[in-house]
Every structure is written in structure tokens, then in C-alpha cells.
Amino acid sequence: MDCSLCEGTPVTAYFSRMNCFEEVKNMMNLMNKDKKAETTSIKAATNWGTQCATEWMEDAKKREEECNKHIGLLAVAFREGSYSDIQVKPGNGPSIPAHRFLLATTSEVLKTMLASDLCKSAPIDSISLPEFNHEELETFLEFLYCGKLAKEKFDMHFQSLTLAADKYVIPHLQTYCEQHILKLLDSSNALKILEFSEILSNEVLKVASLKSILSHTKEIYFSPGFEDFARQNPHLMVQIARAHSRRKRNTGQLQYNGC
């Protein structure tokens, strides 16, 4: 769950979400400073908390607006390809212009790939990310530049984005993907997300998808794709069966305690 201080703040490599600890510390320092300065006035001492909180909120809003302004400029640079200095090639389709500094500051893995290129006698002007098709690559780069995606785009490409976040070690994209996958999880995709969680070794997604499966057993077990899932994923069927067993045991204990 997003912190109330951070919620809604876009994420990029350069303008990260507000650090809650630092924000609260700044607020407390401001409040304590003003309280000491205003102790000579009874009225001021009575209102110092409200005044300082208001000042802090206004200051935080200004900084967020400035951050969004810079992010907007990056989004424009991406859409227009302004001053791009590298072409990013997908597995198929045309390449997409981008900026080395953005790729390097977004991911240590990409930074290493770019740095190794610079060691060559003539630096190349392109980098290949063959796991993406053109549309997936465009969506991936859009997130790196803008820090967010339209729901429709994310729903369509969440698998390639999540795998890329894991492969290129991009923490803010990993968090974004996990949170949004949990939001779209339902009985229609619980088996798919369970498979996906196994590939990623993501326990949060695995537990959530198992809970969804146990909550919609009839709907899922009699769905058209369940038999194919069972044949292809016997190890996951074992985990589902064990989750069923634990749930029945816990339910039985609760009923016994209730008696």
C-alpha cells in the first residue's frame, strides 16, 4: 500500500518518490524550530503546529510540482526523440531513439552494458534488448521516462515489463508491477499469475494468486484452461493442494475452538 505522503507521486530514475522518513524529519525540524522562536508569544505558541504543518505541506506541494514539471519535459523528449544519442533495438520491428544518461541512471545492468560499449574503439550508437517486441519496448521506455503507464498499456504488457524489471534490476518498476498486478488479480487470471510468480520467485504474487484460487475453486477448476494448466504445472498443483489442506485444517481448528 502506498504511503499517504508518497501516493500519486510519479516514479523515475531521477525524481524518486518522496522519502517518507526524510519528509517527516523535515516537518518535525521545522515545527521545533518555529516553536522555539515563537515561545515569547502565547498565541503563536498555541498555533505553531498548524502553521508549520501548513508551511510544510505547501513546500512539499511546490517540490512535487517542480518534480512533475521535469518529468513532463522527459516525457516530451521521449515522444519527440529530442537530442537522442542511442537507438534501442527490440527483437523485431524498428528501433526507438533514447538517451544514454536515462538508461544508465535507471539500471545498473543497462549502465554496465553501455559502459562496456564505450570501451570499444568506436562507440556504437545502438543497444539491443531482444526480449521485447517493438510495442513492448516502447511501453518499457515510456515507463522509464514518465514513471507511470496508462492502465490499458500495463494490463497488456505486464508480463514483459515485470520480467524486464527483474532482469535489469529496476526496483521502482518491480514495485510498480507488483502493486498493479495485485490490483488486476482475479479468478480469470489467477492461474496465469501463479505461473508467473513461480518464474519470478515472487512470494507476494504467489500467495495472493493462491488465495484467489482458493476463493474461486469451482469457477477456476471447471474453467476451460484448468486441465492444460494442471498438465503443464504439476508442481504448482501440489502447492494448490497443500494450500487447500492448510486452509481446511485452519478452518477446522476455528470451528472446533468456536464450539
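Residues numbered from 1 in each chain as written. Predicted model: local features only at pLDDT ≥ 70, side-chain atom pairs only at ≥ 80, totals over all residues. Heavy atoms only, no water.

Per an unreviewed UniProt entry, the chain goes by BTB domain-containing protein and derives from Papaver somniferum. UniProt, in its Pathway (unreviewed entry) section for the chain, records the words "Protein modification; protein ubiquitination." According to the UniProt record, the Function (unreviewed entry) comment for the chain reads "May act as a substrate-specific adapter of an E3 ubiquitin-protein ligase complex (CUL3-RBX1-BTB) which mediates the ubiquitination and subsequent proteasomal degradation of target proteins." (UniProt positions renumbered as here; feature names shortened; annotations may be inferred.)

**Student:** Just checking my understanding: could you explain helix α5 (residues 134-146) for this structure?
**Tutor:** Each α-helix winds once per 3.6 residues, and so residues spaced three or four apart point in a common direction. The terminal C-alpha atoms of α5 lie 18 Å apart, and with 13 residues this matches the ideal 18 Å at 1.5 Å per residue to within 8%. Of all 13 residues making up α5, 10 are buried, and the element is well covered by its neighbours. Every buried residue of α5 is listed here: Glu-136, Leu-137, Thr-139, Phe-140, Leu-141, Glu-142, Phe-143, Leu-144, Tyr-145 and Cys-146. The N-cap of α5, judged by a side-chain oxygen 3.1 Å from the amide nitrogen of Glu-135 a few residues on, is Asn-133. (Helix = DSSP H or I, 4+ residues; strand = E, 2+ residues; numbered from the N terminus. Expected span 1.5 Å × (residues − 1). Buried < 20%, exposed > 50% of the residue type's maximum accessible area, 1.4 Å probe, protein only. Polar contact = N/O pair within 3.5 Å; in protein donor to acceptor, adjacent residues only side chain to side chain.)

**Student:** I keep staring at the nonpolar core and nothing clicks. Help me out?
**Tutor:** Soluble globular proteins tend to pack their nonpolar side chains together in the buried interior. By size, the foremost hydrophobic cluster in this structure holds 47 residues, and its most contacted members are Leu-103 and Phe-140. The element best represented in this core is α5, accounting for 7 residues. Here this core spans two domains, since at least three of its residues come from each of domain 1 (62-171) and domain 2 (185-258). Setting aside chain neighbours within four positions, we find Phe-140 in contact with Leu-129, Phe-132, Leu-161, Ala-164, Tyr-168, Ile-170 and Leu-173. (Core = buried A, V, L, I, M, F, W, Y, C linked by side-chain atoms within 4.5 Å. Domains from an automatic or database assignment. Contact = heavy atoms within 4.5 Å.)

**Student:** In this structure, what is going on with helix α6 (residues 151-167)? I would like to understand it.
**Tutor:** The first and last C-alpha atoms of α6 sit 22 Å apart over 17 residues, in line with the 24 Å expected at 1.5 Å per residue. Along its length, α6 reaches its greatest deviation from straightness, about 75°, at His-157. Those residues of α6 that fall on the buried side of the exposure criterion are Phe-154, His-157, Phe-158, Ser-160, Leu-161, Thr-162, Ala-164 and Ala-165. Among the structural elements, α5, α7 (171-184) and α8 (190-200) are those in contact with the buried residues of α6. One or two residues past the end of α6 sits Val-169, with phi positive at roughly 50°. (Bend = angle between axes of the 7 residues up to and from the residue.)

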